[in-house]
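This is what each chain is made of:
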Amino acid sequence: MRKALVSTALVALLALIADVRRPAAQFAPFWPSAPQTLAPATAPPSDQVEQARTAPHRSSKPRRKHEVVRPPPNQRKVAERNGYKRVSDLVNFPKFFPGLGIIFVKPDTLPLGPFLCFDRRDRLVATVYMVPNKDIDDHKSLEGAGPARSVDHVSIYFNPGHPGVDVPHYHVVLWHVTRKQEARVAK
């Protein structure tokens, strides 16, 4: 009887000091997990613990910074800051040209361009290169600045000449908008 009592006391003592959570971890998929908390490496003195408990409540969640959502920059104003001028200010040309919109160019890049075309809300819709027929006939290599945005589709058509580029040339239009959105500069 004495052996049974000692054995029971030993099992009870081991149960009190043993950490049974680790061996039970193999059954974790079947049991809901309980969060484990570890004591800090250096515990504060007991008199400071009482003060900490009576201190005003502060959220333990980190505060999120408020993100300011700014509208994209006005693309026409950015072009003007980069030296582009409105074609209608340089030569006798309409301020809004149906089919291309409001056209800007750096004067020193004429006749090739690039010409930047904006809709009435100053959104970039196309980049145009005006390639003279003479340059094509002479098999001349041409290089222009890359487009400012991704290209949705390309249009190439002949033009007999207009103010600013009086010689016959081809318009190579890199559209940055879809064919449906292209209608924004139709009228």
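Note that this is a predicted model, so its numbers are computed, not measured.

Draft legend 1. The overall build of the chain, seen in detail. The secondary structure content of the chain amounts to 5 helices and 6 strands. Along the chain, helices (α) and strands (β) appear in the sequence α-α-α-β-α-β-β-β-α-β-β when read from the amino end. Burial statistics for the chain: of 187 residues in total, 25% are counted as buried. For the chain, the accessible surface area stands at approximately 14900 Å², while carbon and sulfur atoms represent 58% of it.

Draft legend 2. Region of the structure containing the sheet that holds strand β6 (residues 169-175). Read across the sheet, 6 strands follow the order β1-β2-β3-β4-β6-β5 without closing on themselves; strand pairing throughout is antiparallel. Because the sheet does not close on itself, it has two edges, and the strands there are β1 (85-86) and β5 (153-159). Here 7 bridges tie β5 to β6, and the two strands are oriented antiparallel to one another. Pairing of asparagine 159 across the sheet is with histidine 169, part of β6.

Draft legend 3. Region of the structure containing empty space enclosed by the protein. Per the stated rule, a full pass over the model turns up 1 cavity of 30 Å³ or more. Estimated volume of the largest cavity: approximately 30 Å³. In terms of lining, the largest cavity is formed by Phe93, Phe97, Leu100, Ile103, Met130, Asn159, His162 and His171. Class assignment for the residues of the lining of the largest cavity results in 5 nonpolar, 3 polar and no charged.

Draft legend 4. Up close: the pairing of strand β3 (residues 115-118). Covered by surrounding structure in β3 are Phe115 and Cys117 together with Leu116 and Phe118, the residues of both alternating faces. Examined bridge by bridge, strand β2 (residues 102-105) and β3 share 4 bridges and lie antiparallel to one another. What sits directly across from valine 105, in β3, is phenylalanine 115. As defined by bridge partners, β3 adjoins strand β4 (residues 124-132) across 4 bridges and the pair is classed as antiparallel. In the strand pairing of β4, phenylalanine 115 is matched with valine 128. Connecting β3 to the antiparallel partner β4 that follows it, the hairpin turn spans 5 residues, and aspartate 122 within it adopts a positive phi of roughly 65 degrees.

Draft legend 5. Layout of a nonpolar patch on the surface. Side chains of Ile136, Val151, Val154, Ile156, Phe158 and Tyr170 sit close together on the surface and give an oily, nonpolar patch of about 530 Å² of accessible area. Relative to the elements of secondary structure, tyrosine 170 occurs in strand β6.

Draft legend 6. Summary view of the confidence of the model for the chain. On average, residues of the chain score 77 in pLDDT, and 66% of them are at 70 or above. Taken element by element, the chain is modelled with least confidence in helix α2 (residues 46-54), mean pLDDT 54, and with most confidence in β1, mean pLDDT 94. Note on residues 24-28: pLDDT under 50 across the span, and 1 contact to partners over four residues away in sequence or across chains.

Draft legend 7. Up close: the pattern of salt bridges. All chains considered together, the criterion is met by 5 salt bridges. Residue glutamate 80 is joined to arginine 76 by a salt bridge in which the shortest nitrogen-to-oxygen separation is 2.9 Å. In this pair, glutamate 80 and arginine 76 are both assigned in helix α3 (residues 75-81), 4 residues apart and thus about one turn of the helix distant. When the shortest N-O distance is used, the salt bridge between lysine 140 and aspartate 135 registers 4.0 Å. One connected set of salt bridges, linked through shared partners, spans Arg76, Glu80 and Asp122.

Cut-off values and rules
Residues numbered from 1 in each chain as written. Predicted model: local features only at pLDDT ≥ 70, side-chain atom pairs only at ≥ 80, totals over all residues. Heavy atoms only, no water. Helix = DSSP H or I, 4+ residues; strand = E, 2+ residues; numbered from the N terminus. Buried < 20%, exposed > 50% of the residue type's maximum accessible area, 1.4 Å probe, protein only. Areas by Shrake-Rupley, 256 points an atom, 1.4 Å probe, with all protein chains shown as cover. Pairing = 2+ DSSP bridges. 1 Å grid on protein atoms, 1.4 Å probe; cavity = no way out; pocket = protein on both sides within 12 Å on 5 of 7 lines; lining within 4 Å. Points joined across faces, edges and corners; volume = space filled by probe spheres on them. Nonpolar A, V, L, I, M, F, W, Y, C, P; charged D, E, K, R; others polar. Patch = residues over 30% accessible without salt bridge, like charges linked within 9 Å, V, L, I, M, F, W, Y side chains within 5 Å. Salt bridge = Lys/Arg side-chain N within 4 Å of Asp/Glu carboxyl O. pLDDT = per-residue confidence, 0-100. Contact = heavy atoms within 4.5 Å.

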